[in-house]
Amino acid sequence: MAIVELSNVAKKFTKGKEVVEVLDQIDLEVEDGDFLALMGPSGSGKTTLLNLIGGIDQPTAGSIKVAGQELNGLSSKKLAKWRSENIGFIFQFYNLLPVLNAQRNVELPLLLTKLSGKQRQNNAAVALEIVGLADRAKHKPGELSGGQQQRVAIARAIVADPKILVCDEPTGDLDRDTADEILSLLELLNTEHGKTIIMVTHDPKAATHAKHTLHLDKGRLVQEVA
Amino acid sequence: MNALSLIWANLFRKKVRTFLTLFSILVAFLLFTLLRTVAGAFGGDIDIAGVDRLQVSPKYSIIDLMPVTHMNEMRQLEGVEEVVHSTWFGGNYQGVNNFFPKFPVQPRAYFEMYPEFVIDPAQLDEFERNRLGAVAPQLLADNFGWQVGDRIPIEGDIWMQDDGSRLWEFELVGTYTSTNEDNAFNGFLINFDYFEEARPDQTEGLVGWFIVRVTNPDEAAEVAAQIDELFENSMSPTRSATEAEALRQFANQVGDIGLMMNGILSAVFFTILLLTANTMTQAFRERVPELAVLKTLGFTDLSVASIVLAESLLLCILGGAMGIGIAVVVSNAISPQIATFAGSFNLETTTILAGFAIAALLGVVVGLSPAISARRLQIVEALRK
């Protein structure tokens, strides 16, 4: 069953008097439980496509249905609520809040739930346990290595138990070994925890961890590599 | 963790900057609270002085003197119940820093005019009998550690004795209190007979002002007009007003106290507004991507704006509370000293509440622009920054 369905999606930006077509005629279906890698050269529209699927950007045309919800026309408020329930975001530069320790960074999405303070703490601790960072819970991002910060970001992404993880170059800022550890963790989340993962990457080796790879070029999907 | 701890953590992201801003707000509210209290000390008597009493002063200047015989003429007027006089003595007690007002008065008549001042009858008798006698407010006596029987030397600056001596020595024969805490009226009262006898002959029979009790307070304005009309063409024309108005005019000799205080406070708050607004704007700009992350995680536009606004409110209210708190401690500590020359010096609850209201308003004004910007933040654009 498709958890992500894009139909004839286009995205244009206006830059001064120039109209830039970032995405054009995108039709895409991602099955529930898939691990999809999106590859392509810089400026091909990978991140824009990811942002549209994650509901943090709106298409110029076309339809986007994710986790059973048609995203077009949703108000900003409803879209925010939908994101909090269905999507976990993982960024290249982790985007943790430097003023909060790992535990509190992971707890952040749970502030939007009705869980009690104790439950939030427990859930955050479990998420940190899953990513292997239980012993770093009280450390602030500045006191953690890049790989550890990305693990915290992954814990934050999964703590509210979303169906889909969208990852924008999750290993782009990491060395090879650390990148492999992170990719293995994502694989684990996909296979053991059933998360659907859509990952943008430049790195062909990273893409080998995915079940499928799609290529984008000049805003169009060009081929699928098995 | 809850929303408050997130706001708190964000507030102290740059500790030095936050503490400096907090300190600035603290100083502003310390000033606000103390200056409003000072203004209240000057205005306090104005509010409570009885309207059944009029003060009759020289028309053109408070340093002019008037003949004491005016009293008898005033007593003839319909609506005048009683008249007493008083005079500004000036003078220094152990240097210029120990200021308190001193007035030569007619002992018994003066206390009859001011029933709110309570004195032991035996001490009043002694005050009347002893020409060197003086009585002091209890607060003033406590402040200087005076006991009944002490000799109080005053070095005259306005008044010298007929023999050219500037040293006046009085015997403290009693102390008095006030039934109205806000009208302590801390005058050191001197027996007029001694003052009259000892001062230079050419000033004998002259006094500073009169206090008139009217029969009917509702007719005070008419009586005041009659008095001024009576002396209009004399050598010493008068200006009569309620004591409240007279005190206001006296305070205005220095300047419009309220206007001065408001001017100072406006300048202080305008500066604080700019300073805090700058801090909040900087703090907002520095973490635009973080706010975008919050939105990405599912925080709504409104909740992110609320977080930004709450930081500003917390900063201003925290600084305001600290400033007001210190002002409470300071005003309690200096109240007895101030009260010896300015009457009451009480920090009013309304001043404290006004302080908190202004702190909240400052927080809203300062935080509104960053909050609106936070609300409008587009996630994708903000994440690129």
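That block above? That's the structure.
The present account deals with the structure reproduced in this document. (Residues numbered from 1 in each chain as written. Chains lettered and ligands numbered in written order. Predicted model: local features only at pLDDT ≥ 70, side-chain atom pairs only at ≥ 80, totals over all residues.)

### As for helix α11 (residues 288-297) of chain B
Residues and elements named next belong to chain B.
For step 1, the next point in the chain: With 7 of 10 residues buried, α11 is to be regarded as a mostly interior element.
For step 2, the next point in the chain: All of the buried residues along α11 are L291, A292, V293, L294, K295, T296 and L297.
For step 3, the next point in the chain: Backbone geometry just downstream of α11 places G298 in the positive-phi region, at approximately 120 degrees. (Buried ≥ 20, exposed ≤ 12 C-beta atoms within 10 Å, placed from the backbone. Helix = DSSP H or I, 4+ residues; strand = E, 2+ residues; numbered from the N terminus.)

### Looking at the sheet that holds strand β11 (residues 209-214) of chain B
Residues and elements named next belong to chain B.
For step 1, the next point in the chain: If you trace the 4 strands from one edge of the open sheet to the other, you get β3-β11-β1-β12, paired in antiparallel fashion. One side of each edge strand has no neighbouring strand; the edge strands of this open sheet are β3 (80-86) and β12 (238-242). Averaged over all pairs of adjacent strands, the angle between their axes in this sheet comes to 25 degrees, without regard to strand direction.
For step 2, the next point in the chain: Bridge analysis of strand β1 (residues 53-58) against β11 gives 4 bridges, and the strand direction is antiparallel. Its bridge partner being in β11, L54 is matched across the sheet by V212.
For step 3, the next point in the chain: Set on the sheet, helix α8 (residues 220-230) makes contact with β1, β3, β11 and β12; between it and β12 the angle comes to about 170 degrees. (Pairing = 2+ DSSP bridges. Axes fitted to C-alpha atoms, helices over the stretch in contact; angles between N-to-C directions. Contact = placed C-beta atoms within 7 Å.)

### As for the pairing of strand β6 (residues 87-90) of chain A
Residues and elements named next belong to chain A.
For step 1, the next point in the chain: Alternating positions in β6 separate into two faces, I87 and F89 on one and G88 and I90 on the other, with burial throughout.
For step 2, the next point in the chain: Examined bridge by bridge, β6 and strand β7 (residues 164-168) share 4 bridges and lie parallel to one another. Across the sheet, I90 pairs through a bridge with C167, a residue of β7.

### Digging into the packing of helix α5 (residues 146-158) of chain A against helix α6 (residues 176-191) of chain A
For any two helices packed against each other, one specifies the crossing angle of their axes together with the interaxial distance.
All names here are of chain A.
For step 1, the next point in the chain: α6 packs onto α5 with a crossing angle of 15 degrees between their chain directions and a minimal axis gap of 10 Å. Between α5 and α6, the interaxial angle falls into the category roughly parallel. In the packing of α5 onto α6, the handedness of the crossing is right-handed. Residue-level inspection shows G146, G147, Q150, R151, I154 and I158 of α5 in contact with α6, the latter providing T178, E181, I182, L185 and L189.
For step 2, the next point in the chain: Considered class by class, the residues forming the contact of α5 with α6 number 5 nonpolar, 4 polar and 2 charged. (Parallel < 35°, antiparallel > 145°, perpendicular 65-115°, else oblique. Left-handed = near helix turned anticlockwise from the far one by under 90°. Nonpolar A, V, L, I, M, F, W, Y, C, P; charged D, E, K, R; others polar.)

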